[in-house]
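Architecture and fold: a report
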Amino acid sequence: MSPMADKLHFSLVSPEKELFSGGVDSVTVPGSEGDFGVYPEHMPVMTAIRPGAISVMNEETERRIYIRGGFADVTSEGLTVLAEEAVELGDLDPAKLAQEITDAEEDVRDAETEEKREAATEQLEYLQALASAMKD
Amino acid sequence: MASLKEFRNRIDSVKSTQKITKAMQMVAAAKLRRAQEAVENARPYAARMSNVVASLSHSMVDQPGAPTLLVGTGESKTHLVVVASADRGLCGGFNGAIARKAKDLISGLIRDGKDVKILCVGVKAFEQIKRLYGSRIIDVISLRDHKYINSGHAAEISAKILEMFEAGEFDVCTLIFSQFKNVMSQVPTTQTLIPAIEGISESGELPDLGGACYTYEPDEEEILKVLLPRNLTTQVFQALLENVAGEMGAKMTAMDNATRNAGEVIEQLTLQYNRKRQSMITTELIEIIAGAEAI
């Protein structure tokens, strides 16, 4: 077997740009029907993704990336994750995130119109999801 | 005959115009680099998305209950034409080419007896189309105030299109934008957005599954329900980015030409100015000599 066949070709793309592309050992994806792991030579699957962290394992190191809204597509060529939004959890600063959550909570309280309140609530939920994904 | 002072004024005014066009060219060049990067960064997502849609729709298209976004309403009576152009002028024939393409398409549709509705994204094509088809334009969206276009803007536009589609206001949706080939050439292109299946047969390719069958989670219908609107957004987003890059490319070329033209005009005016000055000196000299001889 060639060395590449031991690796899973994984690419993570968001509308703005390609965030990751390359060979990895395995990826765990939060599918809409439950988390599932993808290893090399996985059978073709196409699934929607629920907001959550995907974990990318390569040579004993783990990278966790929070994604929101998108699809995972497994073909014989590898795994493609189309994410509406992706944030590298390793890059996040917990203190800063906590501050942002506090700000968002204030925004929800101070919102003058219903529309603004909804937007602020959405932002708050997103930040809280990020925070809980970090703790896992 | 113009006096020397008038010549000097004209040369000065052309010079300041040249300075402006030169500056605009440099600004366009800087923006072009950014826009080009954005287009290239967005391409993988769009390409993958269209592959996914292609493979999904391949298995869905002949089944009853396939979403209307994919296979259409079964009619093609009312057409929505989305015309995406730039919001600013001074970029050569860029907006004109888009407007011309749009007019051709619209007049063809009308000749075939279809109802046509027009949604303009960007005011420049709107200004040209409204003279002919003003009553058919339902809305104009301007992105002028946004410095950079992100997928949020595209999402707003596609949400509007979807809302109208769900209200049954049109059967077929076509997008006109300018494809960015390179700095010198932008090709006005039409793309069918709804029904999506037509756009797919135009561009998408089927992935090689190596004989295996796809498993869908939850099922095809559910995924398509989420995927198709998103695909619409992606296509709109891609078109907007291509447009920005094309606009900047066209502007750069146009301003480069203008700068060069101004240079030529200055050269000519300077030549005329010098001739005039010399002839005046000669006349003065002749007068002095003639006066001296008379004494």
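These lines cover the structure that appears in this document, whether it is placed above or below. (Residues numbered from 1 in each chain as written. Chains lettered and ligands numbered in written order. Predicted model: local features only at pLDDT ≥ 70, side-chain atom pairs only at ≥ 80, totals over all residues. Heavy atoms only, no water.)

Now for the nonpolar core. Counting 53 residues, the largest nonpolar core has B:Ile161, B:Ile194 and B:Leu227 as its most contacted members. Sort the elements by how many residues they give to this core and helix H7 (residues 220-294) of chain B lands first, with 12 residues. Those residues within four positions of B:Leu227 in sequence are excluded, and the remaining contacts are A:Phe71, B:Met49, B:Val52, B:Val53 and B:Leu56. (Core = buried A, V, L, I, M, F, W, Y, C linked by side-chain atoms within 4.5 Å. Buried < 20%, exposed > 50% of the residue type's maximum accessible area, 1.4 Å probe, protein only. Helix = DSSP H or I, 4+ residues; strand = E, 2+ residues; numbered from the N terminus. Contact = heavy atoms within 4.5 Å.)

In this section: the packing of aromatic side chains. Residue and element names in this part refer to chain A. As enumerated under the stated definition, the model contains 3 aromatic pairs over all chains in all. When the ring of Phe 10 is compared with that of Phe 20, the centres are 5.5 Å apart and the planes differ by 35°; the resulting orientation is tilted. Here Phe 10 is found in strand S1 (residues 8-13), whereas its partner Phe 20 is found in strand S2 (residues 18-24), with 10 residues between them in sequence. Assigned by exposure class, Phe 10 and Phe 20 land together as buried. Ring plane angle 55° and centroid distance 6.0 Å describe the contact between Tyr 66 and Tyr 126, whose orientation is recorded as tilted. A residue pair is termed long-range when its members are at least 10 positions apart, and Tyr 66 in strand S7 (residues 61-75) and Tyr 126 in helix H2 (residues 114-135) qualify at 60 residues. Tyr 126 matches Tyr 66 in its accessibility class, with the two residues each being buried. In this arrangement the basic side chain of Arg 68 is found over the ring face of Tyr 126, its NZ or CZ atom lying 4.2 Å from the centre. (Phe/Tyr/Trp six-rings, centres within 6.5 Å; stacked < 30°, edge-to-face > 60°. Lys NZ or Arg CZ within 6 Å of the ring centre and 35° of its normal.)

Moving on to the pairing of strand S3 (residues 26-31) of chain A. Residues and elements named next belong to chain A. With 5 of 6 residues buried, S3 is to be regarded as a mostly interior element. Across 3 bridges, S3 lies against strand S6 (residues 52-58) in antiparallel orientation. Each bridged residue has a counterpart across the sheet, and for Ser 26 the counterpart in S6 is Met 57. Where S3 and strand S4 (residues 34-38) come together, 5 bridges link them in antiparallel fashion. Within S4, the position partnered with Val 27 by the bridge is Val 38. (Pairing = 2+ DSSP bridges.)

Okay, the side chain of A:Ser26 next. Residues and elements named next belong to chain A. With respect to the secondary-structure elements, Ser 26 resides in strand S3. Of the residues examined, Ser 26 reaches a relative accessible area of 7% and is grouped as buried. Apart from residues no more than four positions distant in its own chain, Ser 26 is found in contact with Val 38, Tyr 39, Ser 55, Val 56 and Met 57.

Okay, the pattern of salt bridges next. All names here are of chain A. Inspection of the entire model under this criterion finds 15 salt bridges over all chains. For the salt bridge of Lys 7 with Asp 25, the shortest nitrogen-to-oxygen distance reads 3.2 Å. With Lys 7 in the segment before S1 and Asp 25 in the loop between S2 and S3, the pair connects residues that are 18 residues apart, well separated along the chain. By relative accessible area, which is 28% here, Asp 25 ends up partly exposed. A salt bridge links Glu 59 to Lys 7; the shortest N-O distance between them is 3.4 Å. Here Glu 59 is found in the loop between S6 and S7, whereas its partner Lys 7 is found in the segment before S1, with 52 residues between them in sequence. We classify Glu 59 as exposed; its relative accessible area is 57%. Connected through salt bridges with shared partners, the residues Lys 7, Asp 25 and Glu 59 form a single ionic network. (Salt bridge = Lys/Arg side-chain N within 4 Å of Asp/Glu carboxyl O.)

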